[in-house]
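# Descriptive analysis of the structure
For reference, the chains in residue letters:
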Amino acid sequence: MAELGSKGVTAGKIASNVQKKLTRAQEKVLQKLGKADETKDEQFEQCVQNFNKQLSEGTRLQKDLRTYLASVKAMHEASKKLTECLQEVYEPDWPGRDDTNKIAENNDLLWTDFHQKLVDQALLTMDTYLGQFPDIKSRIAKRGRKLVDYDSARHHFEALQTAKKKDETKIAKAEEELVKAQKVFEEMNVDLQEELPSLWNSRVGFYVNTFQSIAGLEENFHKEMSKLNQNLHDVLLGLDKQYSGNAFPVKAQPSDSTPAKANKSPSPPPDGSPITSPETKTVNHELEPSTLEAPGASIPKSPSQLRKGPPVPPPPKVTPSKEIKQENIVSLFDDNFVPEISVTTPSQPAEAAHAGAEAAGSEAAAGDEASKTEADSGSSSLPAVVVETFPATVNGTVEGGASSERADMPPGFLFKVQAMHDYTATDSDELQLKAGDVVLVIPFENPEEQDEGWLMGVKESDWIQRKELDQCRGVFPENFTERVQ
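Residues numbered from 1 in each chain as written. Predicted model: local features only at pLDDT ≥ 70, side-chain atom pairs only at ≥ 80, totals over all residues. Heavy atoms only, no water.

### Concerning the pattern of salt bridges
Filter applied, for reference: When a carboxyl oxygen of Asp or Glu lies within 4 Å of a side-chain nitrogen of Lys or Arg, that pair is called a salt bridge. Under the DSSP-based scheme used, a helix requires at least four consecutive residues in state H or I and a strand at least two consecutive residues in state E, with every element numbered from the N terminus. Note on exposure labels: buried denotes an accessible area under 20% of the residue type's maximum, exposed denotes more than 50%, and partly exposed covers the range between, all computed with a 1.4 Å probe on protein chains only.
Here the structure, examined in full by the defined rule, presents 10 salt bridges. Asp64 is paired through a salt bridge with Arg60; the nearest N and O atoms lie 3.8 Å apart. Here the residue Asp64 and the residue Arg60 both occupy positions in helix α2 (residues 42-89), the gap between them amounting to 4 residues, near one helical turn. Owing to a relative accessible area of 62%, Arg60 belongs among the exposed residues under this scheme. Between Glu445 and Arg473 there is a salt bridge whose closest N-O contact spans 2.3 Å. On the criterion of sequence distance, the pair formed by Glu445 in the loop between β4 (438-442) and β5 (454-459) and Arg473 in the loop between α13 (469-472) and β6 (474-477) is long-range, its members being 28 residues apart. The exposure class assigned to Glu445 is exposed, which follows from its relative accessible area of 66%. A cluster of three or more residues bridged by salt bridges with shared partners is formed by Asp135, Arg139 and Glu195.

Right under this line is the structure:
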C-alpha cells in the first residue's frame, strides 16, 4: 500500500508539472499574439543583460588564463631541456661544474613554483568566481517561469470576474492561486534584484586582484630568473677567460672552395700587360653569347612611347652595332689595314654585289681570326672589320650605273633598310611596317627633330608608285629594321 501511495504521489507531481508547462506555453502564446498583457521589469532586464555580459567575460578570461598556464608549463619543459643539454656538454674538469648544476636545479624549482602560484592565486580564484554564476542563472530562469505563472493566474482571475455568469467558488479559488503565485514570484524577484547588481559591481575588484596577482608573480619570477642567469653568465665568463687562449678558438676548416675564392682576383702578369676581364671583353666589341645562341628572340617592343627618351634596345643582330662601326671607321686609318675596293661597271651589278659580299666576308673572317689570336696572347679582343665599298667617283659624281640608280631614289637618299618585324604606327607621322618591307632612308629636314633610335624614310613600294615624298615619308623605329644597302 505504501508503494502504491508513493507511486500515486509521484504520478500526481508529474501530472501537476505537465499541467504547469501547458499553462505556461498557452500563456506565452497569448502574450506573443498580443491577446494577453505581460508583466515587465526593465530594471531587472538590464540586470540580466549585465549578468550575461559578466558571465561571458569571465568565461573568456578563464579560457585565456588556462592557455597562459599551458604556455608557462611548455616554457618550463623547454628551459629544463636546455639546462640539461648544458649539463651534458659541460665537461667535469671545467671550472664551475657544480655551480652550473646548482643553477639548473634552481631554475627548475623556480619554474615549478611560478606555475603553482599562478594556479593557486589566479586560476583557482577564477574558478571560484565563476562558480556562483550557474546557480544565479538557474534562479533567473526559474524567476521567469514564476512570472509566467503569475501572469496566467492573474488573467484567469480577471476572466472569472468579468464573466457573465459568476461562480464565487471558482473566483475564490482563482484569487487564492493568484496570491500564492504572486508571493513566490516576488520572493525570488526581490532576492535577484539585490544579488545581481552586487555581483555586477564585484567584477572590478576581481579583475584588479587577478591581474595584480599575475603581475606580481611574474615580477618576482623574472627577478629570481635574472639572478640565476647572471650567475650562469659569470660561470661561463670564467670558463672563457681560462680557456680562451688554449683550446677554444674556432677556426674555419680548409675546403676546396677557399683557393677558388683567392683566385677570383688574379695578380698582374710579370710583363705588366693589362688584365683581360670578362667585362671589357663584351663592351663595344663582341655580342653576348646569350644573344648569339638565341637568334629567334622575341620581337622587341615598339619605342613609340619613348620618342622623347632612349629607344627600346634592338633585337639581337649578328651585324655590328653603331659603336662597332665607329671603331671600325677609326681602324681604317691603321697602318696595317689595306682595304680592297672594287669598281664595278653598270653591266655587272649582280657580280659586283656578289664580289663585294665575298670580300666583306673574307675580311670579317680575317678580323675574327686576328681577334682570337690577340685574346689568346692576353690582350683584349678587337672587333671584326667590316668594309663597305662604294662606287668610284670623279669630281663628286658617281660613275657608271650608280648615277642612274641614285636618280631613281628620293632626294637625299642615304641607304636601304628592311623591316625584320611588323610595326603598327601609333601616330600620323609614323610608317606602318610589315616584315620584309624595304624602306628608303632619307635625312630629316630639321636634324634637331630627330629622336634617338628613329629614322626618316619612305617605303620603296610607295616611292615607286607615287614618287611623292611629302605624302609617303614618315618616321619608324630603327631597331625594327636591318640595313641591306
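### Overview of the packing of α2 against helix α3 (residues 97-131)
Counted only if it meets this: All axes are obtained by fitting lines to C-alpha atoms, using only the stretch in contact for helices, and the reported angles, taken between N-to-C directions, cover 0 to 180 degrees. An angle below 35 degrees is read as roughly parallel, one above 145 as roughly antiparallel, one from 65 to 115 as roughly perpendicular, and any other as oblique. Residues are grouped as follows: nonpolar covers Ala, Val, Leu, Ile, Met, Phe, Trp, Tyr, Cys and Pro; charged covers Asp, Glu, Lys and Arg; every other residue, Gly included, is treated as polar.
Packing of α2 against α3 leaves a shortest axis separation of 10 Å and a crossing angle of 170 degrees. Considering the angle they form, α2 stands roughly antiparallel to α3. Partitioned by chemical class, the residues of the contact of α2 with α3 number 16 nonpolar, 12 polar and 6 charged.

### Here we look at the pairing of β5
The criterion, for reference: Think of it this way: DSSP has to see at least two bridges between two strands before they count as a pair.
Of all 6 residues making up β5, 6 are buried, and the element is well covered by its neighbours. Here β5 shows a buried face lined by Trp454, Met456 and Val458 and a second buried face lined by Leu455, Gly457 and Lys459. Sheet topology places β4 next to β5; 4 bridges connect them, and they run antiparallel. From the neighbouring strand, Val439 faces β5, where its bridge partner is Lys459. Looking at chain direction, β5 and β6 are connected through 4 bridges and run antiparallel. Each bridged residue has a counterpart across the sheet, and for Leu455 the counterpart in β6 is Phe476.

### So, the sheet that holds β6
Across a sheet, paired strands are connected by hydrogen bonds in the backbone, their directions being either parallel or antiparallel. The 5 strands are arranged β6-β5-β4-β3-β7 in an open sheet whose pairing can be described as antiparallel. Two strands bound the open sheet, and with one partner strand each, they are β6 and β7 (481-483). Across the sheet, the mean angle from the axis of one strand to that of its neighbour is 50 degrees, orientation sign disregarded.

### A short note on the nonpolar core
Note the threshold: For our purposes a nonpolar core is just a set of buried Ala, Val, Leu, Ile, Met, Phe, Trp, Tyr and Cys residues, chained together by side-chain atoms within 4.5 Å. In what follows, residue pairs with any heavy atoms lying within 4.5 Å of each other are defined as contacts.
Phe51, Leu118, Met126, Phe133, Ile136, Ile140 and Leu196 are the most contacted members of the largest nonpolar core, which totals 37 residues. Counting only elements with at least two residues in this core, the list comes to α2, α3, α4 (133-162) and α5 (168-243). Looking at this core, the element that brings in the most residues is α5, giving 12 residues. If we ignore the near neighbours within four places in the chain, the residues touching Phe51 are Phe133, Ile136, Lys137, Ile140, Leu196 and Leu199. Phe415, Val417, Val458 and Cys472 belong to the second largest nonpolar core, which has 23 residues in total.

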